[in-house]
Amino acid sequence: MAKRILTALIGAAVMGIGTQAASATTLGDVKAKGFLQCGVNTGLTGFASPDASGNWSGFDVDYCKAIAAAIFGDATKVKYTPTSAKDRFPALQSGEVDVLARNTTWTINRDTALGFNFRAVNYYDGQGFMVRKSLNVKSALELSGAAVCVQTGTTTELNLADYFKANNLQYNPVVFEKLEEVNAAYDAGRCDVYTTDQSGLYSLRLTLAAPDDHIILPEIISKEPLGPAVRQGDDQWFDIVSWVHYALVGAEDFGITQANVEEMKKSTNPDIQRFLGVEADTKIGTDLGLENDWAVKIIKAVGNYGEIFDRNIGAASPLKIERGLNALWSKGGIQYAPPVR
Amino acid sequence: MTIDATIPPGKDKPTGSILNDPKVRGIIYQAITLLLLVFFIYWVTTNTIENLKRANIASGYGFLNGRAGFDVGQSLIAFTSDSTYGRALVVGFLNTILVAVTGIITATIIGFLVGIGRLSKNWLIAKLSMVYVEVFRNIPPLLVIFFWYSGVLAVLPQPRDSLALPLDMYINNRGLAFPRPVFESGAQFTFYALVIAVIASIFFARYANKKQMETGKRLPVLWTVLGLVIGLPLLTLLATGTPISFDVPIAGKFNLTGGSVVGPEFLSLFLALSFYTASFIAEIVRAGIRGVSHGQSEAAHALGVRPGLTTRLVVVPQAMRIIIPPLTSQYLNLTKNSSLAIAIGYADLVAVGGTILNQTGQAVEIVSIWIIVYLTLSLSTSLFMNWFNAKMALVER
C-alpha cells in the first residue's frame, strides 16, 4: 500500500514536467495515447467488476465506456485501473488515471482540499446497514454494542462515527482496506453489522454465502451523491466528463435509446436534432473539443441513462435496485440534465 | 632521467596536469557526485512542491490538529472520533509497538526452544523442530498472517456460543475476553509491595552470588525470590482488605460486555509474526551453538562440569556472541513486518496513517511520518542490541 502511494508520489514528482510538456490538456493526452485510463472499483457487482476473461462491466464501467465513445467513437478504448477506497485519490492526483468513476461521494473536502472537481451525480445514494436476520434487529437504533465492519478511507467510516455518536450508541469498528476483506470478515461473522452505501449493500448481499439470511435496515443515515471525479485545473476535461452524464440523462428524457438512435436522427424535433448534432452548422460538439455527433456515439455505445441503470443495477439485473431518487425529474426522481442549447 | 627512480613516490612532482594526481581526481569525483546528489534532491523536492501546488493540495503538518472523525477499534489510550489526527497516529504507533514488543518476546522464546530442539539427540524433537523451521521459514509472512486470521475466524465460535475458559475467560471469534481488574483506593499498596519485592530479590540474588564466590555455599535463590515476589504483594493485598475487584465479561446482546477483550486481529498478527520470525531465530540459535568449538564443552566435561551446567555456563555465553548480531536483524524485520497488519484490519501505524491520508489527502506528510517512525524504531532497536552485544562480547583478560 505504502509502496503504491510512494510510487504514485514519485510518479507525480518525476513525471510532472514530462506530461506537462507533452500536452496541456487531459483530452489531448488521452487522444495522444489512444485510450482512456479509467479508475474503477476493485470489484463491486453491478458497478464495476471483471468477468472470468477479464472484461469489465457495470454501471461505473459504462461511464468509462461512454467517455471513450464520446472521444474516440469506440467504447473499447478504455483501460481500467482497479483502485481501493484508499488509493483511488492518489491515483487521480498523480495522473495515473484520467477520470475516477468509482462510487465516489462528492464532498466539499474532496472538491477543495484534495484538488478534485465533481459536478455530475450519476447515482444518488445513502448509507445503510445490513445485519443477519437471526439477530432480530429492526432498526439501526438497536445496534448499540455491535461490531461494525466498514471499509477504511470512505465517507462511510466518518458517517458511521457521527451517527453512533449523535444517537449515543456504542460500537466496535472493524476496519479493512479492501472491499473483499470487509466482505469476508462479515461473512465469517467477525462483525454483526455491515455498513456502506445502500447500493453497495444490495450488491454485496448477492455475494454472501446465504443472501437471504441478511436484511438491510430501513435507516439511511447520510447523503451520498456519487459521481465521476477529475483533477482540478482542466475545465475542458471537466466539461466533457460532466456532459457525458448529462447526455445520457438527456437521451432518456428524449426517449432516445441504443436501438432507436439512428432513427431519432431523422426526428423533426429541433431539440433532438440539436442534441444529436444533426442541426445545420452546429458547434454542439466541437465547442466541447469533440465531434458534433458525440451524443450519438455515446448512446450507440452504452444506451441512455435508464438503459445503463436497468442493465447493471436495476430491474434487468440481479441487484434489482429501484430507481428511487435516480428516476428522471419528470418521473419523481431528481436526475436532471441542463438543456443542450 | 635515471634520478627520478630514486625519488620516493610520495614526493613525486606531477609532471603534467594536476588532474593526474589521484588525490585531486578523487576530490573532484566526490564533489561532482555530491553536486549531482544535491541537485537531484533539490529537483525532486521543488518538483513535488510545484506539482502539489498545481493540483491544489495543501501541504504542511497543520492537519494533525484536525478532528479525526473516525473511530479506531483497538486502542491503548482513550480515543474517540472527536480526538485529533495526531492522537490517532499515536494510537497506531502504540499498537505497532505493542505487537512488535510482544511478538519479539514470544518469537525469541519459541526460536530458542526450536533452535535448541534441532540439536536435540531425541529424533522426534529434532525432526519436529526441523519441520517447523522449514514450513514457517518458506512461507511469505503475509500468508502466515492470513492463515492465522482465517484460522482464528473459522475455528472460533460465534459470540453466542462462546467457549468458556477457566478464570471467567471466554473466547469467540470477536477475540479473547478476560476479567479486567478494577483498582479501588488502597490498591496502590499492593503495587508498591511488588516493587519492593522485586528490588529485594535483586539484592538477595547479588548477595547469594557473593556468598557463593566467598564460601562456595549456595543459597536457595529461586525459592526466596518466588516467595518475595508472590508472597509480599499477596500479604499486602489481604492486609488492606482486597481492594481489587474484577469486571467479569457477561453475555450481552451482540457480544460479551465488560472485561477486557483482545481482538482476533491482534491475536492473529501476534501469532503470525511470532511463529514466522521464530523460525529464523531458531536457525540463528542453532548456528550460534554449532559455532562454539567442540573443544570447549569437552574441556568442561574434563573438569567434571555436568552437561546441563556446561550448556548454561560454557556453550550459551559463547554462542550469544554469534547469535546477537543476526538476532537484531530479525527483531527489525518483525517490527517492519508488523505493517502487514493492514491486510487484516489491525489498527497499526500504517493502517491508521492510511486512513488519515485518505481523509486529508496529505500523502507526502503521512509517508514522511511513516518513514521517520519506522526509522526511529529500527535505529533504537539497533542501538539497544549493539549495547547488549558489547556487554555480551568476550572480555579479554
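Residues numbered from 1 in each chain as written. Chains lettered and ligands numbered in written order. Predicted model: local features only at pLDDT ≥ 70, side-chain atom pairs only at ≥ 80, totals over all residues.

## Some points on the overall build of chain B
In terms of helices and strands, chain B carries 11 helices and 8 strands. Over its C-alpha atoms chain B spans a radius of gyration of 29 Å, topping by over 25% the 21 Å that the globule rule assigns to 397 residues. Based on the C-alpha atoms only, the size of chain B along its principal axes is roughly 100 × 75 × 45 Å. Evaluated residue by residue, chain B yields a buried proportion of 31% over its 397 residues. For chain B, the proportion of contacts with a sequence separation of at least 24, taken over those separated by at least 6, is 67%. (Helix = DSSP H or I, 4+ residues; strand = E, 2+ residues; numbered from the N terminus. Rg over C-alpha atoms; globule rule 2.2 N^0.38 Å. Buried ≥ 20, exposed ≤ 12 C-beta atoms within 10 Å, placed from the backbone. Contact = placed C-beta atoms within 7 Å.)

## Looking at the pairing of strand 2 (residues 169–172) of chain B
All names here are of chain B. Looking at chain direction, strand 1 (residues 163–165) and strand 2 are connected through 3 bridges and run antiparallel. The residue bridging leucine 163 from the neighbouring strand is isoleucine 171, located in strand 2. The turn joining strand 1 and strand 2, which pair antiparallel and follow one another in sequence, is formed by 3 residues; a positive phi near 60° is taken by leucine 167. Relative to strand 3 (residues 175–178), strand 2 runs antiparallel, the two sharing 3 bridges. The partner of tyrosine 170 across the bridge, within strand 3, is alanine 177. (Pairing = 2+ DSSP bridges.)

## Overview of the UniProt feature "transmembrane region" (unreviewed entry) in chain B
All names here are of chain B. Those residues carrying the UniProt feature "transmembrane region" (unreviewed entry) are residues 27–45, 89–114, 135–156, 189–209, 221–246, 266–285, 339–357 and 369–388 in this numbering. Secondary structure across residues 27–45 divides into 100% helix and 0% strand, with the first and last C-alpha atoms of the span separated by 27 Å. Span residues 89–114 is 100% helix and 0% strand, its end C-alpha atoms 36 Å apart. (UniProt positions renumbered as here; feature names shortened; annotations may be inferred.)

## A few points about the nonpolar core
Cys64, Ile67 and Ile298 of chain A are the most contacted members of the largest nonpolar core, which has 168 residues in total. Ranked by residues supplied to this core, first place goes to helix 7 (residues 264–290) of chain B with 14 residues. Non-local contacts of cysteine 64 of chain A, meaning those with residues more than four positions away in its chain, are made with Leu36, Cys38, Val40, Val78, Tyr80 and Ala101 of chain A. (Core = buried A, V, L, I, M, F, W, Y, C linked by C-beta atoms within 7 Å.)

## Regarding the sheet that holds strand 12 (residues 214–216) of chain A
All names here are of chain A. Pairing in this open sheet of 5 strands is mixed, and the strands run 10-9-11-8-12 from one edge to the other. Both edges of this open sheet fall to strand 10 (171–176) and strand 12, since each of them pairs with a single strand only. Strand-to-strand twist across the sheet, computed as the mean angle between neighbouring axes with direction ignored, equals 30°. Where strand 9 (residues 146–151) lies against strand 11 (residues 193–197), 2 bridges are found, and the strand directions are parallel. Considered in strand 11, the bridge of valine 148 is made with valine 193. The sheet contacts of helix 7 (residues 179–187) involve strand 9, strand 10 and strand 11, and relative to strand 9 the element is tilted by about 160°. Packed onto the sheet, helix 8 (residues 198–207) meets strand 8 (127–132), strand 11 and strand 12 and runs at close to 125° relative to strand 11. (Axes fitted to C-alpha atoms, helices over the stretch in contact; angles between N-to-C directions.)

## Some points on the sheet that holds strand 3 of chain B
All names here are of chain B. Here 4 strands make up an open sheet; going across it, the order is 1-2-3-8 and the pairing antiparallel. The sheet terminates laterally at strand 1 and strand 8 (260–262), the two strands that pair on one side only. Along the sheet, successive strands turn relative to each other by an average axial angle of 25°, direction set aside. Pairing geometry for strand 3 and strand 8, over 3 bridges, is antiparallel. Counterpart to leucine 176 in the pairing with strand 8 is valine 262.

## Describing the interface of chain B and chain A
Of the residues lining the interface, 37 residues belong to chain B; the matching set on chain A comes to 39 residues. Per element, the largest residue contribution to the side of chain B that touches chain A is 6 residues, and it comes from helix 1 (residues 22–54) of chain B.

## Brief notes about the UniProt feature "domain: ABC transmembrane type-1" (unreviewed entry) in chain B
When the UniProt feature table is mapped onto this chain, "domain: ABC transmembrane type-1" (unreviewed entry) is found at residues 93–385 of chain B. Here residues 93–385 of chain B runs as 70% helix and 9% strand, with 21 Å between its end C-alpha atoms.

## A closer look at the domain arrangement of chain A
Residues and elements named next belong to chain A. Domains assigned within chain A are domain 1 (1–125 + 224–256 + 299–341) and domain 2 (127–222). Centre-to-centre, using C-alpha coordinates, domain 1 lies 26 Å away from domain 2. Taken together, the contacts link 20 residues of domain 1 with 19 residues of domain 2. Within the side of domain 1 that touches domain 2, the residues separate by chemical class into 9 nonpolar, 8 polar and 3 charged. (Domains from an automatic or database assignment. Nonpolar A, V, L, I, M, F, W, Y, C, P; charged D, E, K, R; others polar.)

## With respect to helix 7 of chain B
Residue pairs three or four apart in sequence face the same way in an α-helix, which turns once every 3.6 residues. Here helix 7 of chain B is 27 residues long and its end C-alpha atoms lie 38 Å apart, about the 39 Å a rise of 1.5 Å per residue gives. Along its length, helix 7 of chain B reaches its greatest deviation from straightness, about 25°, at alanine 278 of chain B. (Expected span 1.5 Å × (residues − 1). Bend = angle between axes of the 7 residues up to and from the residue.)

## Focus on helix 3 (residues 59–72) of chain A
Residues and elements named next belong to chain A. With 14 residues, helix 3 extends 20 Å between its outermost C-alpha atoms, agreeing within 8% with the 20 Å of an ideal straight helix rising 1.5 Å per residue. Counted residue by residue, helix 3 has 13 buried out of 14 residues, so it is predominantly covered. Just past helix 3, the residue glycine 73 takes up positive phi, approximately 70°.

## With respect to the packing of helix 9 (residues 307–337) of chain B against helix 11 (residues 363–392) of chain B
Two numbers describe a pair of packed helices, the interaxial angle and the distance between the axes. Residue and element names in this part refer to chain B. Where helix 9 meets helix 11, the closest approach of the two axes is 10 Å, and the angle between their N-to-C directions is 165°. Here helix 9 lies roughly antiparallel to helix 11, going by the angle between them. Like other packed secondary-structure pairs, helix 9 and helix 11 cross with a definite hand, here right-handed. Contacts between helix 9 and helix 11 involve Met320, Arg321, Ile324, Pro325, Thr328, Tyr331, Leu332, Thr335 and Lys336 on the former and, on the latter, Tyr374, Leu377, Ser378, Thr381, Ser382, Met385, Phe388, Asn389 and Met392. Considering only residue class, the contact of helix 9 with helix 11 consists of 10 nonpolar, 6 polar and 2 charged. (Parallel < 35°, antiparallel > 145°, perpendicular 65-115°, else oblique. Left-handed = near helix turned anticlockwise from the far one by under 90°.)

## With respect to the packing of helix 3 of chain A against helix 9 (residues 235–254) of chain A
All names here are of chain A. For the pair helix 3 and helix 9, the least separation of the axes is 10 Å and the interaxial angle reads 105°. It follows that helix 3 is roughly perpendicular to helix 9 by the angle criterion. Counted together, Ala66, Ile67 and Ala70 of helix 3 and Ile240, Val241, Val244 and Leu248 of helix 9 form the full contact between these two elements. In the contact of helix 3 with helix 9, the residues fall into 7 nonpolar, no polar and no charged.

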